[in-house]
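Given next are the chains, with one letter for each unit.
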Amino acid sequence: MTGHPAGAFVAGAPHDGPPQPGDLALVLAGRKLLTGPDGRFPRVGELPAGTGWVPLGTLGGVPAWGTDATDDQPPEGRWRSWRSLAAALPAPLADLAGRALAVLTFRRTHRWCGACRAELADVPGEQSRRCPGCDLYVPIRLSAAVLVAITRPGPTSGPDELLLVRHASGPTALWALVAGFVEAGESLEDAARREVGEEVGLALGRLTYFGSQPWALSGPGVLLAGFTATAADTTAEPVVDGRELTEARWFPLDRLPAELPPAYSISRWLVDHVAARLAG
Ligand SMILES: [Zn+2]
């Protein structure tokens, strides 16, 4: 079989048996995944017999398995970051790559019970682990983050305006959306309003859920939740602290900057969704 199977990725879908040679193989070293000369993920049969495999889910019905590359004999091929894979591959494959990163990193960093120091054991059929000593249940952890596309009416007869920000670190030239991690005990909506208040000093009016995307750039197991929102005060100007953000500016929807988030990101999907109002 050549190429990647087409179809949806189902994370954690049950596997009917042990790995088969034609199953997909996600091999991790550090934060990078192995691809063959054709840019595709290898098959289980291309890796040494006796490799320890962890079930990840199914892609178009084909089981996918993950493993950490052994230090002594790393397989030949090209090692690629999630950013590179997500930019080049369809979304289901990027999601599979993100899950491999999350599951394998979780297993490497959750070997011991945090309460009694016993070695954690696998829970059959799950990616969680359990302590045989004190019965502590350790599920794989997700970090939720929110992104907000804030608009306000433009000047008379002009299009609406979208708030974009520039960050002090990372890709500093990029015009991005206000975003931040959800605190424990906080709803997604509360987090969206708090982050916007903290980062640009604005209050939100209507806040509408847009969609979500599993994300593997700012750490494994990040889940991004996107919102559209209106500014409560349509004359208020954003204020940045100069530490996390360097700039925040309202852009008319017909004059958005060229330096926008990449096409595979929910940030860009939100910007494009809001900009599509112009066509309507
Ligand atoms: Zn324990």
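Scroll up to find the structure this text is about.
Every value quoted in this text rests on a predicted model; they were computed, and no experiment measured them.

**Student:** What's the story with the coordination of the zinc ion in this structure? I'm lost.
**Tutor:** The reference angle at a metal is 109.5 degrees if four donors form a tetrahedron and 90 or 180 degrees if six donors form an octahedron. At 2.2 to 2.3 Å from the zinc ion lie its protein donor atoms, namely Cys113 (SG), Cys116 (SG), Cys131 (SG) and Cys134 (SG). Taken together, the four donor atoms surrounding the zinc ion define angles of 100 to 119° at the centre, an arrangement classified as tetrahedral. Along the chain, the residues donating to the zinc ion fall in the pattern C-x2-C-x14-C-x2-C. One end of the pair, Cys113, is in the loop between helix H2 (91-109) and strand E7 (121-122); the other, Cys134, is in the loop between strand E8 (129-130) and strand E9 (137-138), and 21 residues separate them in sequence. The class of Cys113 is buried, set by a relative accessible area of 4%.

**Student:** Explain the environment of Gly12 to me, please; I cannot follow it from the model alone.
**Tutor:** Within the element layout of this structure, Gly12 appears in the loop between strand E1 (9-11) and strand E2 (24-29). With relative accessibility at 43%, the residue Gly12 sits in the partly exposed group. In this structure the C-alpha to C-alpha distance between Gly12 and Leu47, which are 35 residues apart in sequence, comes to 22 Å. The residues touching Gly12, leaving out its near neighbours within four places in the chain, are Leu56, Gly57 and Arg99.

**Student:** Can you walk me through the packing of aromatic side chains in this structure?
**Tutor:** The geometry of an aromatic ring pair comes down to the distance between the two centres and the angle between the two planes. Under the criterion given, the structure shown has five aromatic pairs. Arranged with centres 6.1 Å apart and planes meeting at 90°, the rings of Trp82 and Tyr264 form a pair that is edge-to-face. Separated by 182 residues along the polypeptide, Trp82 in helix H1 (residues 82-88) and Tyr264 in the loop between strand E15 (245-252) and helix H4 (266-279) bring together distant segments of the chain. The burial state of Trp82 is the same as that of Tyr264; both residues are buried. Consider the rings of Trp175 and Phe251, whose centres lie 4.9 Å apart with planes at 75°: the pair is edge-to-face. Pair noted here: Trp175 is in the loop between strand E11 (161-167) and strand E12 (178-181) and Phe251 is in strand E15, with a separation of 76 residues, a long-range link. Feature note: the residues Trp82, Trp215 and Tyr264 constitute an aromatic cluster, connected by ring pairs.

**Student:** Before we go on, may I ask you to explain the sheet that holds E2 in this structure?
**Tutor:** Strands pair in a sheet through their backbones, by hydrogen bonds, and they do so in one of two ways: parallel or antiparallel. The strand order across the open sheet formed by six strands is E1-E4-E5-E2-E3-E6, and the pairing between neighbours is mixed. Because the sheet does not close on itself, it has two edges, and the strands there are E1 and strand E6 (78-80). Each strand axis lies, on average, 35° off the axis of its neighbour in the sheet, ignoring direction. Pairing of E2 with strand E3 (residues 32-35), which is carried by two bridges, proceeds in the antiparallel orientation. From the neighbouring strand, Ala29 faces E3, where its bridge partner is Lys32. In this fold H2 packs onto E1, E2, E3, strand E4 (54-59) and strand E5 (62-68), with an angle of close to 170° to the strand it touches most, E4.

Thresholds applied
- Position labels on residues start from 1 in each chain and follow its written sequence.
- Only residues with pLDDT of at least 70 are given local features in this predicted model, and only at 80 or more are side-chain atom pairs given and counted; all residues enter the totals for whole chains, interfaces and linings.
- Water and hydrogen atoms play no part in the side-chain values, which are based on all heavy atoms of the structure.
- Note on donors: an N, O or S atom is included if it sits within 2.8 Å of the metal, or within 3.2 Å for Na, K and Ca, and water is never included, so sites can look incomplete.
- Metal sites are grouped by the angles between bound donors: all angles between 85 and 135 degrees with four donors is tetrahedral, opposite donors over 155 degrees apart with the others between 65 and 115 is square planar for four donors and octahedral for six, and any other pattern is irregular.
- Secondary structure is summarised from DSSP: a helix means a run of H or I of at least four residues, a strand means a run of E of at least two, and numbering begins at the N terminus for each.
- Only protein chains enter the accessibility calculation, which uses a 1.4 Å probe; a residue whose area is less than 20% of its type maximum is buried, one above 50% is exposed, and one in between is partly exposed.
- Whether two residues are in contact is decided by their heavy atoms, any of which lying within 4.5 Å being enough.
- Each Phe, Tyr or Trp ring (for Trp, its six-membered ring) is paired with any other whose centre lies within 6.5 Å, and the angle between the two planes then decides the class: stacked below 30 degrees, edge-to-face above 60, tilted in between.
- Strand pairing is defined by DSSP finding a minimum of two bridges between the two strands.
- Helix axes are fitted to C-alpha atoms over the stretch in contact, other axes to C-alpha atoms as well, and angles between N-to-C directions run from 0 to 180 degrees.

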